[in-house]
Amino acid sequence: MRDLFPNRWWTALWLACLVLLAVLPFVANDYVVGIGLSVLMWLALTQSWCLLSKMTGYVSLGHVVFYGLGAYLVVITWQQIPLPLAIVGAGALAALLAALVGLPVLRVRGPYFVILTFGLAELVKYTITWAESASGMASRILFGAPDLQVIYFSMFALAVIAVAMLTWVGSSRFGHGLRSLRENEEAAETLGVPVVRYKLIAFVLGAAIPGMVGGVMALRSTYFVVGQVFDPMISVTVIAMAILGGGDNARGPLLGVLFLSLLSELLWANAPLLYMVILGLVLIVFVLVLPQGIMGLLERKKAPSTQLPNDAAQASPKQGGTP
Amino acid sequence: MTVLETLLSGQLLFAALVTGSLYALIALGLNLVYGTMRLLNVAHGEVVMLGAYAAYWAFTALGLSPLLVAPVVAAAGGLLGYALYRGIFKRLLADSSAAQVQRMESNSLLLFFGLSIVLQNAAALVFTPNNRAYNYLGTVYHLGSVSMTGNRLAALCVAGTCCLLVAVFLGRSVFGLATRAVIERREAAFIVGVDVDRVQWLSFVLGFASAALAGVLVSMLGQFSPFSGFPYTIAGFIVIILGGLGNAMAGLLAALLLGVIETYGVALTSANMRSMLLYGAFVAALLLFPNGVFARRAAAR
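Residues numbered from 1 in each chain as written. Chains lettered and ligands numbered in written order. Predicted model: local features only at pLDDT ≥ 70, side-chain atom pairs only at ≥ 80, totals over all residues.

## Here we look at the nonpolar core
The cut-off we apply is this: Under the definition applied here, buried Ala, Val, Leu, Ile, Met, Phe, Trp, Tyr and Cys residues are grouped into a nonpolar core through C-beta atoms within 7 Å. In this scheme the burial state of a residue depends on its C-beta neighbours within 10 Å: 20 or more other such atoms mean buried, 12 or fewer mean exposed, and anything in between means partly exposed; the C-beta positions come from the backbone. Each residue gets a C-beta atom placed from its backbone, and two residues are in contact if those atoms lie within 7 Å.
Counting 206 residues, the largest nonpolar core has Ala44(A), Met155(A), Ile26(B), Leu213(B), Ile238(B) and Val239(B) as the members making the most contacts within it. If we ignore the near neighbours within four places in the chain, the residues touching Leu213(B) are Leu25(B), Gly51(B), Ala70(B), Val73(B), Ala74(B) and Cys162(B).

Written out as structure tokens, the structure is:
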């Protein structure tokens, strides 16, 4: 096969990441472990975002709402219920929100879906901010949060679950159903794909993970501010990572996550505003010049004739994620 | 004051009118760009923000009256719109077949979103993220029991006049007819000889110019920062979802309705609820009209 980036390279890359991230807490100092933690966090968030948004083309700009809700649940139940229960509860709460709003929200299509998810996340953010200030809580402080290693390996587990879930969905009948509705929802429905149910399941599955990720990340900082865990820039970063990577399997987002989290590590501390400008530029350039991301570039080399021009935010259906 | 007195006071009505007229002006630009090209410009509020900074610097550094520099700022905004259209969006629009339209819409939204992030943070880098405000036309006028400051009165007059002018222009002129034709059916308009390209670039120019002008008015009314543009985008979207495409008068009414909801909502609850009300109205409007105004368009076909 005239493959520019053969499958065994991918396997090697995944294995290298897995081993490196697994041994990191035993060999590196807290600062480096912190970087590893943020890579794992973005990996889990981006992979779970792809479950709905990459597979079906319903681009959600509100992924942060699940993250924030999970963090909020863990913070308000702090030292009242056992922590593992709170983390699982965070995932369940996020999934519940997705299940509740899923049906009306997923009726909305195209750009309206994008801004609706953004508006919904902001609405939840302002509602919780208001509830907190009404109860006299400007911010909360967590005492006795667990060790960094515990947080790290919880996040490790979540990232592995998220990658495994996207990979499994990608090759399943369910995943093919999701892809079919990305190409043409009416046609998919006519052919008997249970469109509404599939979209809802993908939305709920994709919400549980960021809920738990938010719950775990709440333990990382001892100081809790609503505006921080519901920061819309988290959603934007997730989209940028997924688009930068491209493709609708677990591979593309990995590249995007590695690139952008390292960039943010370089710039965030010293020049956060500059980092945001660069993030915005990355978004513009990739949508404009390379809407299929790095994966699209690699696969274009492989099969130049099958690429559609201007084939937006999604990869072409052909070489999808089927191994 | 009792609740009833609050509701009936002319003061609140005046405040709602000022807010509503600003929203109308902002929504007008969004409406034109979305209507003619199906481009959802989420960076619209950032143009408003840049207009506010332009007026601020003109007033504090050069001592120029904001109302005098307003036409210049509007022209600069229009120029920015023209540059963006020629530089980026013309190409994007040209190679989009019918099957690709929905995908192109989502893509252009991400593009504008990137632009919005770049403008916000670049402004924060250059101008510092601090809030800015200046005093201009602070004199208070009384009309019955209503007291109005000069700057609010001026903002209301300018925004209202501009909206009415554009409404008449769209309703009566040949360009307005062409614009409405493109909004209704782009392909058909092209076939009967409408210069679609000209309509599109003029819509960009007019849309960005009106946003920059709204920015000048925003800066006269109160504090603003590099990040205060986005809520105006959201308000503009609510207005075009409620008011429909290409119908300036319906948009004006929808904007006044939103101004009333926001002003009275805040008066009845608290200032902390402003964002909740705005986003609540936004989510409700989108859920009630799942495909926005697009659904009505499709049904009309």
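## Structural notes on helix α5 (residues 110-134) of chain A
Rules: Helix and strand definitions here come from DSSP, where helices need a minimum of 4 consecutive H or I residues and strands a minimum of 2 consecutive E residues; each element is numbered from the N-terminal end. Expected helix span is computed as 1.5 Å times (number of residues minus one).
Helix length check: α5(A) (25 residues) gives 36 Å between terminal C-alpha atoms against 36 Å at 1.5 Å per residue, within 8%. Directly beyond the C-terminal end of α5(A), a positive phi value near 80 degrees is found at Gly136(A).

## Digging into helix α3 (residues 44-62) of chain B
All names here are of chain B. With 19 residues, α3 should cover 27 Å at 1.5 Å per step; its first-to-last C-alpha distance of 27 Å lies within 8% of that length. Among the 19 residues in α3, 15 count as buried, and that is most of the element. One or two residues past the end of α3 sits Gly63, with phi positive at roughly 75 degrees.

## Comments concerning the interface of chain A and chain B
What counts, and what does not: For this scheme, ten residues count as nonpolar: Ala, Val, Leu, Ile, Met, Phe, Trp, Tyr, Cys and Pro. Four count as charged, namely Asp, Glu, Lys and Arg, and the remainder, Gly too, count as polar.
Facing the 37 residues of chain A at the interface are 38 residues of chain B. For the side of chain A that touches chain B, the secondary structure elements donating two or more residues are α5, α11 (232-245) and α13 (272-289) of chain A. Considering only residue class, the side of chain A that touches chain B consists of 28 nonpolar, six polar and three charged.

## Brief notes about the confidence of the model for chain A
Rule in force here: Per residue, pLDDT measures the predictor's confidence, with a range of 0 to 100.
Averaged over chain A, the pLDDT score is 83; the fraction of residues at 70 or greater is 90%. With pLDDT under 50 throughout, residues 304-323 of chain A is counted as low confidence; its partners more than four residues away or in other chains account for 46 contacts.

## Some words on the pairing of strand β1 (residues 140-143) of chain B
All names here are of chain B. The test is simple: In this description, strands pair whenever DSSP reports at least two bridges between them.
Here β1 pairs with strand β2 (residues 146-149) via four bridges, running antiparallel. Across the sheet, the residue bridging to Tyr141 is Met148, located in β2. Two successive antiparallel strands, β1 and β2, enclose a turn made up of two residues, where Gly144 displays a positive phi of approximately 65 degrees.

## Details of the confidence of the model for chain B
Residue and element names in this part refer to chain B. Taken residue by residue, chain B gives an average pLDDT of 82. The fraction at 70 or more is 89%. Within chain B, the lowest mean pLDDT, 45, falls on helix α13 (residues 293-300), and the highest, 91, falls on α3. Scored below 50 in pLDDT, residues 294-301 shows four contacts in the model against residues more than four places distant or in partner chains.

## Thoughts on the packing of helix α6 (residues 150-172) of chain B against helix α11 (residues 248-268) of chain B
Each packed pair of helices is defined by two parameters, the angle between the axes and the distance between the axes. Residue and element names in this part refer to chain B. Here is the rule we go by: Axis definition: a line fitted to C-alpha atoms, limited for helices to the stretch in contact. Angles are taken between N-to-C directions and run from 0 to 180 degrees. Here roughly perpendicular refers to angles of 65 to 115 degrees, roughly parallel to angles under 35, roughly antiparallel to angles over 145, and oblique to all remaining angles.
Across the interface, α6 lies against α11 with an axial gap of 9 Å and an inter-helix angle of 155 degrees. By the criterion of interaxial angle, the relationship of α6 to α11 is roughly antiparallel. Residue-level inspection shows Cys163, Val166, Ala167 and Leu170 of α6 in contact with α11, the latter providing Ala248, Met249 and Leu252. Residues belonging to the contact of α6 with α11 are distributed by class as follows: seven nonpolar, no polar and no charged.

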